Amino acid sequence: MQKKELVAMLLAGGQGSRLGILTKKLAKPAVPFGGKYRIIDFTLSNCSNSGIDSVGVLTQYQPLTLNAYIGIGSAWDLDRSGGGVSVLPPYVKDQGGEWYKGTANAVYQNIDFIAQHDPEYVLILSGDHIYKMDYSKMLSYHKSKGAAGTIAVIPVPWEETHRFGVMKTDEQGRIVEFQEKPKVAKSNLASMGVYIFNWKELRSYLEADEADPKSSNDFGKNIIPKMLKAGEPLYAYAFREYWKDVGTVDSLWEANMDLIKKDPDLKLNDSKWKIFSLNHTYPPQLVGPLADVQGSLLSDGCLVLGRVHHSVIFTGAQIEEGAEVTDSVIMPGVKIGKGALVHKAIIGENTIVEAGAKIGVPARPGEKVEISNENGITVIEDNVCVPGTMRIVEGTVLSVAEWPEFPEEWIS
Amino acid sequence: MRDLLGIIDLSEPTEGLGELTLHRTLGAVPFGGRYRVIDFTLSNMVNAGIRNVGILLNDRFGPLLDHIKDGKEWDLNRQRDGMFLLPAPLRTDSSEGMSSNLSNLRHNRSYLEKSRQEYALFSGCSMVTNLDYRAAFAYHLEKDADITVIYNQEGKLASHPPYTAVVTDGEGRITDIALNPRECTSRKVSLNMFIMRKDLLISLVDYYSARQKRDLFTDAIMPRLDELKIFGYEHRGYVGVINSLKSYYQHSMDLLKPEVWRDLFFSHGLINTKVKHEAPVRYLEGSRVQDSLIATGCTIEGTVENSILFRGVEVGPGVTIKDSIIMQKAKLGPGVSLRNVILDKDVTISAGKSLAGDPSFPMVIAKSSEV
């Protein structure tokens, strides 16, 4: 195998349990996003645009959709000889095998893969963030600081610091303290889960961490604190552009809505930094005679005969005459029947909303509703059919397993 | 379908297409918002399981090669079989125009011989349709025909000459063929697609090219009508022909009907094309879009009615586009108004300009022009 300066390891095995029914059958990085993409496209495109040509994608939870999607990496120009993209599920070794226990253990189990490329540096990435970042600039920073490890950080509002790992740095950017989800934060620089390490050093820390039975084998909880304690030079690399963790229903919906602002912070049509995705060549979208489309994002293969306002409509979705879709995320292949109403909802792939159905309507006085997210977003599972007689109150999360008996008030 | 070899001919006449074919062969003419004309024939062949496709190149093929590259988008970059580019013989005389398909086939005879397929499907690329070659091939075998000609009778092909009418008997055998007949003998119009044994094709090519004949169909197949069993296979479904500006415009506008859109782009498989990774279309507040086909990479703030926008067109506030076809990356200044216009690729229209053609004769602005 050819020697590489840097190998990227993309952690894509997470279940994304906070996305609930949206990740029942697929890993979080495979969740559709932004009209034609899947979440992992952003990280893979960043690699490709940054000139990285060896990427290991670590999979574990529900990998079939993701495996089929990545294929040999052609869509991201990562079908390369002597590198390219390699999908890395856990495997059985001579001492037996085990699942990936944590982020650090996942990389530990693939030490041999990394060693094949004999790199100077390893870039650790998560497959569940939406951002455009040039990793080659971060690598130059890492080298210029003579760091053992560099952690990409982004300033977050102080009131949200408790959700992140935060880095306190000195004036040179060297990390002096790391707090994992602190109650009282000393800094508002949050780790983005993007790390560059010198491979030799990282390897020894991974091996030591694996030998520590008390460790939860996690980069944030174990590796970074151990390196700091040992006095390794760790630096923070500040990133000031758009970055969003889309791990919850709220953040997934918000990140989609961010794209349809008049002047979005994350521009998708940037010819110098394209976001690549696996495309089936659907025809251009057809907007019909009575259609009314405003403030929205629509992809190929859509047929719009109704009204679409402030929504993101994915590849191959159809909105029939008289249907109204507002403030919603309509995933690939969804059909919204005649006269149906969809408000502030996420509709899963290939689901059919039959003519006349109402999704995301306000509760009637006295009606009991279980709202499961901050924004009151209604979520409908993929590959189901919502009968035309149904009225689904805002904030409901609807999974087919709960369907056999509809509450009576749901039938309008 | 491993037994069927596909051959695509690019020598159909293009004079009627004016500026659209000034610098490009017919197969490379942009169509339907994101496609080139050849995508339809190529995708139909691949969707039917054909794995060996030869393309008879003629002149002005640069844009075509840039589009099809190594055939990867059609899964034709194969170790065995795949896509083959078959250049025309070098012209020793100074005569203008394209070399004929017979001389082109003769020149690439070794490709035909070496291919392991027993049958050949020969097709022009002016017909825009989504058809099932598997069914046509099954028909050919079932009828034990020498040659099967694929025809269509529901389209408007006869109103866009030149065209070839065929007459069939009760069995489906072709009994008469006429070029642009004055009196309508039949509504059945040949799609310029023929299936026959490869060795029959080679023998026709050998015989007629040696006698300085030019066209496979009119010079080699028509004279054998009585001698060979020539059958007609009817393809039902939408067919558009791209042979004049008028037909180009009309058949483009047909795509705005949902039933045509569905038939042409989905009926027997998707039509593949070169992928450009453009972002989804952005509709801003205040946009007004109706009866239009919009490709990815467009941003719309103005008005678009009854029109086709190719990839990456920006329609700013105050811009009005009606009954028009706007190709890739057009730059339209503020307040531009267009009606019955075809803008070729990379055209720039400066602020406030108003251009209008006639519904029966659209105004064409050549590639990379500045108005």
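To start, this report covers the structure provided alongside it. The structure displayed is predicted, hence computed values, not measured ones. (Residues numbered from 1 in each chain as written. Chains lettered and ligands numbered in written order. Predicted model: local features only at pLDDT ≥ 70, side-chain atom pairs only at ≥ 80, totals over all residues. Heavy atoms only, no water.)

Attention shifts here to the interface of chain A and chain B. Between chain A and chain B, the contact holds 45 residues from the first and 40 residues from the second. Both faces considered, chain A and chain B share a buried interface measuring about 3,300 Å² in area, 51% of it formed by carbon and sulfur atoms. Interface area lost by chain A to chain B is led by A:Thr281, A:Pro284 and A:Leu286, which between them contribute 21%. Summed over the shared surface of chain A and chain B, the number is 26 residue pairs in polar contact (both at pLDDT 80 or more). The set of elements that each furnish at least two residues to the side of chain A that touches chain B consists of strand S14 (285–287), strand S15 (292–294) and strand S16 (296–298) of chain A. Inspection of the sheet shows S16(A) paired to strand S14 (residues 281–283) of chain B by three bridges, in the antiparallel sense. (Contact = heavy atoms within 4.5 Å. Buried area = accessible area lost by both parts, 1.4 Å probe. Polar contact = N/O pair within 3.5 Å; in protein donor to acceptor, adjacent residues only side chain to side chain. Helix = DSSP H or I, 4+ residues; strand = E, 2+ residues; numbered from the N terminus. Pairing = 2+ DSSP bridges.)

A full pass over the atoms with the stated rule returns 23 aromatic pairs over all chains. Taken together, a centroid distance of 6.4 Å and an interplanar angle of 65° make the contact between A:Tyr131 and A:Tyr135 edge-to-face. By relative accessible area, A:Tyr131 is classed as buried at 0%. A relative accessible area of 2% places A:Tyr135 in the buried class. When the centroid spacing of 5.7 Å and the interplanar angle of 20° are considered together, the rings of A:Phe197 and A:Phe219 count as stacked. Within this pair, whereas A:Phe197 is found in strand S11 (residues 189–198), its partner A:Phe219 is found in helix H7 (residues 219–229), the two being separated by 22 residues in sequence. Across the pair, exposure class does not vary: A:Phe197 and A:Phe219 are buried alike. Through successive ring pairs, a cluster of aromatic residues spans B:Phe31, B:Tyr35, B:Phe40, B:Tyr248 and B:Phe265. We note A:Lys93 situated over the ring of A:Tyr91; from NZ or CZ to the ring centre the distance is 4.3 Å. (Phe/Tyr/Trp six-rings, centres within 6.5 Å; stacked < 30°, edge-to-face > 60°. Buried < 20%, exposed > 50% of the residue type's maximum accessible area, 1.4 Å probe, protein only. Lys NZ or Arg CZ within 6 Å of the ring centre and 35° of its normal.)

Moving on, we come to the environment of B:Val347. Residues and elements named next belong to chain B. You can see Val347 is positioned in the loop between strand S25 (341–343) and strand S26 (348–349). For Val347 and Ala330, which are 17 residues apart along the polypeptide, the C-alpha to C-alpha distance reads 4.9 Å. Val347 has contacts with Lys329, Ala330, Lys331, Ile365, Ala366, Ser368 and Ser369, leaving out every residue within four places of it along the chain.

Let us now look at the pairing of strand S6 (residues 121–126) of chain A. Residue and element names in this part refer to chain A. Burial analysis of S6 places six of its six residues in the buried class, the great majority of the element. What you see with S6 is no split at all: Tyr121, Leu123 and Leu125 on one side and Val122, Ile124 and Ser126 on the other are buried throughout. Where strand S1 (residues 6–11) meets S6, six bridges bridge the pair, whose relative direction is parallel. Its bridge partner being in S6, Leu10 is matched across the sheet by Leu125. In the sheet, S6 pairs with S11 via four bridges, with the strands oriented antiparallel. Within the sheet, the bridge partner assigned to Ile124 lies in S11 and is Tyr195.

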